[in-house]
Amino acid sequence: MTNSDIQEILGKYNNDRFRLMDILLDIQDKYGYIPKKFFNLIGQAVGLSSAKVEETVTFYHFFHTSPKGKYTIYLNDGIVATMKGRDNILKQFSEQTGCQINSVSKDEKFGLFSTPCIGMSDQEPAAIINKHIFTNLTVEKVNRIVRLMKKDTPIQKIIQTIYESDKVQNLIHTMVTDNIKKTGSVLLNKYKRGSAVKKSLNKNPEEILEEIKNSNLRGRGGAGFPTGTKWEFCTKSKQKPKFIVCNADEGEPGTFKDRVLLTNYPELLFDGMIIAGYTLGAEHGIIYLRYEYSYLKNFLQSKLEQYKKENLLGKKIVNSDFNFDIRIQLGAGSYVCGEETALIESMEGKRGEPRNRPPFPASCGYVNKPTTVNNVETLSCVPKIINHGSEWFKSFGTEESAGTKLLSICGDCGNSGVFEIEFGMTINEMLEMADTIETQAVVVAGPSGKIISENEFNRKICFEDLATAGAMIIIGKQRNLLEEVVPNFLDFFIDESCGSCTPCRVITTHAKNRLKKILAGKGTTKDLKDIKSWGNLMQKSNRCGLGKTALNPLLTTIKFFPELYERLIKDKEYISEFNLEKATADYEKITK
Amino acid sequence: MSKKVKFTIDGNEISAEEGKNLLDVACENGYYIPALCHMKGHKPAGSCRLCNVKVNGRIMTACTTLVSEGMEVITEDEELAELRKTILEAMFVDGNHFCPACEKSGVCDLQALAYKHKIMSPKFKYEFSNKKVEAEVPKIMLEKNRCILCKKCIRAIKSKDGKNIFGFKARGKKLEITMDEELAAQMTDEDIQRAMDICPVGTIIKKEKGFKIPIGKRKYDKKPIGDNVEKHKEKEKD
């Protein structure tokens, strides 16, 4: 790799600093990694210091500054993968490739790395190898994969051999199974592409806004903010250009429903974005796609090309006066980028640190222009609301939660996959659908949500009771909740914190250490009291959702599974952690 | 001229220009709100989280809040005091803050705030941070184990053509401050002095030069932090 190689890539993006993510991704794609010695060159071209380039490179865990192997294997270290036997798969990969975890083999042929949830919780153990997905891994499959890699077999050929498919064009379906287990009336249903766009372009933007507002559509990313209101903020901003951003960075461990929408119903999303653009007066749409879903990029790109051919994208779409384009922006591995302002920072080529608000994205978002960020599922509801009307949409769900919701159900159940349910379904009903026996706990909305016990299983899935962006991890009675699940979630938040706010950066680790102390039988009631008060502080004093909810795995298990803690804590105010015998063991040995 | 708004701080009516930064307005009116990452005139970082106050009952960082008509601000109560103390303690264990051995003792904002909040020993265990001291550049060094990641140097110290000399590396627990060695080597003595003065702790150190004022006779050795702000408040009351 020479300076001119790098310059060629820089030129492709017009030395634009806001495209730094693409520049770095391209460099890594072409050369395997991003050597530090080029930071200066990259910086000079885009007008940044090398320190600033380093900031971006070192923030994202899929960027490497040293060779990462000809075949780079990423294994999910999330809880569901672990439950499904990830450790055995890791051991096998490690033995066969000669790599320890998070290292590269001496001949630089293999790299073996840990990564948080890759959105395949319904078919774990799974791995990402050179952007391709290998699911339902077994020891035998691993042996075959590594054997093929040792023969330098191209990655696509490996997929085809392992999953016995000869259809190259259908590779994404070969790699990943959809697992649509329940279709519904709104999303997982027939849709004629462009139909809602054509209908919308015959109306005023004000009418569409009114329809969306009236539908009571709320953000499907978890927060549940009314979509119509969010759009309205942006319509009020007079600045141009405006941007519609689709948040396709579903990083909450246990979530994979956007994967299914993107694979099977991308037309719903594209049409939703076009309609949003028309309503808000935005001419640019950007899909921020998580790096883990890179394998979908070419597929989505080809669909977008089709849209352009049919004049559903581009200038004067379907013979109207409205112009709209959509581009795909890849991420590079960071959970916090699912937060809308962190996502915007990332799109601008910076470290994904949530912004301070005000100003809000509606007035000052991407490149400081008015921006609306919506979740994949939210935008995918829009064409259906336009085609069937807001009253139809409201006929599903509950009073405060209109419509249907996609759930990603995974973990200890016989029937994991994506389910489209009406809001208002109880956890008990959901468990029956998912074919579970002996359920100990359900993790509603992933690590940042709630870990609930049997006593709560009659509660409803909706914004007014148990809100979720989609993740539903079922934990069977055979699991040790406090040993296996809670520390895994805390480690996730420790790794994924951007590090900016002091409480989030520092306190999560200390809370985890207190749990370890309790698990070692040294816990006191004071430890629980401390954890609760730190949780309260985190909730109140951190800037973004990650920091506010990082101690939820502890707080909700303390609340819903008090008996698990009581069993470990002997109700003492103080237990000395200092062991005199242990501390003087060396001395005893010498003086004996 | 911007519109004036009326609101209250700790029950007292204040008038200020709408949209001004609450932390600055509070300070101008004699209310000291502790903060380690705020610099007047710069975009707020909102990262140390010490300046948390209650705005209409809700805890918010003063540095990122703009004043508006009718808002009720509480700058001090038991909950806020405990919150600030805990955050300060978290900073103390996150890095290595051995005041007696630190060049910055007496002019260190973190140390001064610890005294002000009567921290005896932190409620968290010390982590004994072990980051590499960056000392390759001839005239300036970074003792990263003292850094509280306030971003002041990143935001305020730039090269002649406006580029960042300082930057962050990594994220989460591994987050650390770094500098662009090439740009740092071009810094003038005055630049380095300014960077060192801006640093609220003892991370940025100017090499080859001793401190003029001995420990014991420095800024916070004489008066507690925030005293100049609060004095102003007393004057106003007279």
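The structure presented is a predicted model; accordingly, all values stated were derived computationally and were not measured. (Residues numbered from 1 in each chain as written. Chains lettered and ligands numbered in written order. Predicted model: local features only at pLDDT ≥ 70, side-chain atom pairs only at ≥ 80, totals over all residues. Heavy atoms only, no water.)

Details of the overall build of chain A
In terms of helices and strands, chain A carries 27 helices and 15 strands. The C-alpha atoms of chain A give 25 Å as radius of gyration, which agrees with the globular expectation for 592 residues (25 Å, within 12%). Expressed along its principal axes, the backbone C-alpha trace of chain A runs to roughly 95 × 60 × 50 Å. Within chain A, buried positions represent 62% of all 592 residues. With an accessible surface of roughly 22800 Å², chain A has 48% of that area assigned to carbon and sulfur atoms. (Helix = DSSP H or I, 4+ residues; strand = E, 2+ residues; numbered from the N terminus. Rg over C-alpha atoms; globule rule 2.2 N^0.38 Å. Buried < 20%, exposed > 50% of the residue type's maximum accessible area, 1.4 Å probe, protein only. Areas by Shrake-Rupley, 256 points an atom, 1.4 Å probe, with all protein chains shown as cover.)

A short note on the state of the cysteines
All names here are of chain A. For the structure on display, the rule yields 0 disulfides over all chains. For the unlinked cysteine cysteine 117, the closest cysteine sulfur is that of cysteine 410, found at 7.4 Å. What makes cysteine 117 buried here is its relative accessible area of 4%. Considering cysteine sulfurs only, cysteine 501 is the nearest to cysteine 498, which forms no disulfide, with 6.4 Å between them. (Disulfide = S-S within 2.5 Å.)

A closer look at the domain arrangement of chain B
By a widespread convention, an interface's size corresponds to the accessible area lost as its parts come together. Residue and element names in this part refer to chain B. In terms of domain boundaries, chain B breaks down into domain 1 (4-76) and domain 2 (98-221). Taking only C-alpha atoms, the centre of domain 1 and the centre of domain 2 are 26 Å apart. Contacts between the two partners involve 12 residues from domain 1 and, on the opposite side, 13 residues from domain 2. Taken together, the two surfaces of domain 1 and domain 2 that pack against each other cover about 970 Å², and 70% of this comes from carbon and sulfur. (Domains from an automatic or database assignment. Contact = heavy atoms within 4.5 Å. Buried area = accessible area lost by both parts, 1.4 Å probe.)

Thoughts on the domain arrangement of chain A
Residues and elements named next belong to chain A. Here chain A is partitioned into domain 1 (3-59), domain 2 (71-175), domain 3 (182-394) and domain 4 (481-568). Using C-alpha coordinates to define each centre, domain 2 is positioned 32 Å away from domain 3. Every contact between the two is made by 13 residues of domain 2 and, on the other side, 15 residues of domain 3. Counting the surface domain 2 buries against domain 3, the share from its top three residues, Cys117, Lys131 and Ile172, is 41%. Counting across the interface, domain 2 meets domain 3 through 1 salt bridge. Here arginine 259 and aspartate 122 are joined by a salt bridge, their closest N and O atoms 2.8 Å apart. Our count for the contact surface shared by domain 2 and domain 3 stands at 3 residue pairs in polar contact (both at pLDDT 80 or more). Here the side of domain 2 that touches domain 3 is composed, by residue class, of 7 nonpolar, 4 polar and 2 charged. (Salt bridge = Lys/Arg side-chain N within 4 Å of Asp/Glu carboxyl O. Polar contact = N/O pair within 3.5 Å; in protein donor to acceptor, adjacent residues only side chain to side chain. Nonpolar A, V, L, I, M, F, W, Y, C, P; charged D, E, K, R; others polar.)

Focus on the interface of chain A and chain B
At the junction of the two partners, chain A supplies 45 residues and chain B supplies 43 residues. Summing both sides of the interface, chain A and chain B together bury roughly 3300 Å²; the carbon and sulfur share of this comes to 50%. Our enumeration of links across chain A and chain B arrives at 5 salt bridges. Lysine 151 of chain B is the salt-bridge partner of glutamate 353 of chain A, the closest N and O atoms lying 2.5 Å from each other. Where chain A meets chain B, there are 25 residue pairs in polar contact (both at pLDDT 80 or more). Looking at the side of chain A that touches chain B, the elements with two or more residues in it are α3 (39-46), α4 (50-59), α20 (481-496), α21 (502-522) and α22 (525-541) of chain A. A total of 8 residues in the side of chain A that touches chain B trace back to one element, the largest contributor, which is α21 of chain A. Classifying every residue of the side of chain A that touches chain B by side-chain character gives 13 nonpolar, 19 polar and 13 charged.

Some points on the sheet that holds strand β13 (residues 439-444) of chain A
Residue and element names in this part refer to chain A. With mixed pairing, 6 strands are arranged side by side in an open sheet as β6-β12-β11-β15-β13-β14. The open sheet terminates on both sides in strands that have one partner only, identified here as β6 (180-182) and β14 (450-453). Neighbour to neighbour, the strand axes of the sheet diverge by 30° on average, direction disregarded. In this structure, β6 lies alongside strand β12 (residues 417-422), joined through 2 bridges in parallel fashion. Bridge pairing links lysine 182 to phenylalanine 419 in β12. (Pairing = 2+ DSSP bridges. Axes fitted to C-alpha atoms, helices over the stretch in contact; angles between N-to-C directions.)

Quick word on the nonpolar core
Buried together is how nonpolar side chains tend to be arranged in soluble globular proteins. Counting residues in hydrophobic clusters, the biggest one holds 244 residues, and the most contacted among them are Ile42, Phe93 and Met430 of chain A together with Phe166 of chain B. Among the elements that make up this core, the one with the highest residue count is helix α14 (residues 266-280) of chain A (9 residues). Those residues in contact with methionine 430 of chain A that sit more than four places away from it in its chain are Leu407, Ile409, Met425, Val442, Ile461, Met472 and Ile474 of chain A. Of all hydrophobic cores here, the second largest spans 19 residues; its members include Ile14, Ala16, Val25 and Val67 of chain B. (Core = buried A, V, L, I, M, F, W, Y, C linked by side-chain atoms within 4.5 Å.)

So, the pairing of strand β4 (residues 58-61) of chain B
Burial along β4 of chain B is one-sided: the face carrying Ile59 and Thr61 of chain B is buried and the face carrying Arg58 and Met60 of chain B is not. Counting the residues between successive antiparallel strands, the hairpin from strand β3 (residues 52-55) of chain B to β4 of chain B contains 2 residues, one of them, asparagine 56 of chain B, with a positive phi of roughly 50°.

What about the packing of aromatic side chains?
Aromatic ring pairs are defined here through the distance separating the ring centres and the angle between the ring planes. The tally for this structure, following the rule as stated, stands at 20 aromatic pairs over all chains. An aromatic cluster is built from Phe62, Tyr74, Phe113 and Tyr291 of chain A, whose rings are joined through pairwise contacts. Arginine 290 of chain A extends its terminal NZ or CZ atom over the ring of tyrosine 293 of chain A, reaching a point 5.3 Å from the ring centre. Sitting above the plane of the phenylalanine 59 of chain A ring, arginine 171 of chain B keeps its charged end 5.8 Å from the centroid. (Phe/Tyr/Trp six-rings, centres within 6.5 Å; stacked < 30°, edge-to-face > 60°. Lys NZ or Arg CZ within 6 Å of the ring centre and 35° of its normal.)

Here's the deal with the packing of α14 of chain A against helix α15 (residues 297-309) of chain A
Residues and elements named next belong to chain A. Where α14 contacts α15, the two axes come as close as 11 Å, and the packing angle between them is 55°. The orientation of α14 relative to α15 falls into the category oblique. Crossing of α14 over α15 shows right-handed handedness. Contact residues: Pro266, Glu267, Phe270, Asp271 and Ile274 in α14; Phe299, Leu300, Lys303, Leu304 and Tyr307 in α15. Looking at side-chain class alone, the contact of α14 with α15 contains 7 nonpolar, no polar and 3 charged residues. (Parallel < 35°, antiparallel > 145°, perpendicular 65-115°, else oblique. Left-handed = near helix turned anticlockwise from the far one by under 90°.)

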